[in-house]
Amino acid sequence: MKTTKSILIITLAIGALVSTVLLVMEQLTDHSIAVMAWEMPGISAAYLFWGAVGGSVFLGVAIAWAVNAIVYGAPVFVVLVVAKLAIRGLPK
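Residues numbered from 1 in each chain as written. Predicted model: local features only at pLDDT ≥ 70, side-chain atom pairs only at ≥ 80, totals over all residues. Heavy atoms only, no water.

*Asks:* Outline the overall build of the chain, listing residues and values.
*Replies:* Each helix and strand in the chain was counted, giving three helices and zero strands. N-terminal to C-terminal, the α/β element order of the chain is α-α-α. Across the 92 residues in the chain, those meeting the buried criterion constitute 22%. Partitioning the intrachain contacts of the chain with sequence separation of at least 6 by distance along the chain shows that 65% fall at a separation of at least 24. A total of about 6400 Å² of accessible surface is found on the chain, and carbon and sulfur atoms cover 79% of it. (Helix = DSSP H or I, 4+ residues; strand = E, 2+ residues; numbered from the N terminus. Buried < 20%, exposed > 50% of the residue type's maximum accessible area, 1.4 Å probe, protein only. Contact = heavy atoms within 4.5 Å. Areas by Shrake-Rupley, 256 points an atom, 1.4 Å probe, with all protein chains shown as cover.)

*Asks:* Before we move on, could you go through the confidence of the model for the chain and cite the residues and values that matter?
*Replies:* In this model, the chain carries an average pLDDT of 77, and 78% of its residues clear a pLDDT of 70 or more. Looking over the chain, one finds the lowest element-wise mean pLDDT in helix 2 (residues 33-49), namely 69, and the highest in helix 3 (residues 57-88), namely 84. (pLDDT = per-residue confidence, 0-100.)

*Asks:* Tell me about the side chain of Thr11, residues and numbers included.
*Replies:* Along the polypeptide, Thr11 turns up in helix 1 (residues 2-28). Under the relative-accessibility criterion, Thr11 is labelled buried at 2%. Each residue touching Thr11, except ones within four places of it in the same chain, is listed here: Gly73, Val76, Phe77 and Leu80.

*Asks:* Go over the environment of Ala74, please, and point to the residues and values.
*Replies:* Here Ala74 is to be found in helix 3. Since its relative accessible area comes to 36%, Ala74 is described here as partly exposed.

*Asks:* Give me the environment of Phe77: which residues, what numbers.
*Replies:* With respect to the helices and strands, the residue Phe77 is situated in helix 3. Leave out the neighbours within four places in its chain, and Phe77 touches Thr4, Ile7, Leu8 and Thr11.

*Asks:* An account of a nonpolar patch on the surface is needed here, citing residue identities and associated values.
*Replies:* On the surface, Leu8, Leu12 and Ile70 cluster together into a nonpolar patch covering about 270 Å² of accessible area. You can see Leu8 is positioned in helix 1. (Patch = residues over 30% accessible without salt bridge, like charges linked within 9 Å, V, L, I, M, F, W, Y side chains within 5 Å. Salt bridge = Lys/Arg side-chain N within 4 Å of Asp/Glu carboxyl O.)

*Asks:* Which residues make up helix 3, and what are the values?
*Replies:* Over its 32 residues, helix 3 extends 46 Å from the first C-alpha to the last, a length consistent with the 46 Å expected when each residue adds 1.5 Å. At Gly73, helix 3 shows its maximal kink, close to 30°; a proline, Pro75, follows between one and four residues later. Listed in full, the buried residues belonging to helix 3 are Gly60, Ile63, Ala64, Asn68, Ala69, Tyr72 and Gly73. (Expected span 1.5 Å × (residues − 1). Bend = angle between axes of the 7 residues up to and from the residue.)

*Asks:* So, the environment of Ile7: which residues are in play, and what are the values?
*Replies:* Its location among the elements puts Ile7 in helix 1. With near-sequence residues (within four places) excluded, Ile7 lies in contact with Phe77, Leu80, Val81 and Lys84.

Shown next, in the form of structure tokens:
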């Protein structure tokens, strides 16, 4: 169970890094449509919950960042768990 928690932490950190890069790229590319397409999961969630957080820009960005971190960390989690199970199944 300990290794599953560490894999989850690693994947969320990777997802947070990807999400941060996407947020920075948006500023560097002058709000390019190509970058916005990659941010859509987080932006969609931010728009959905924006009314619930009172329209705060900071909370909207935080929601977008967190959702993108989860969305882009999930495939990494699957890959690491499958790799762990494959390594565990190898004969000794």
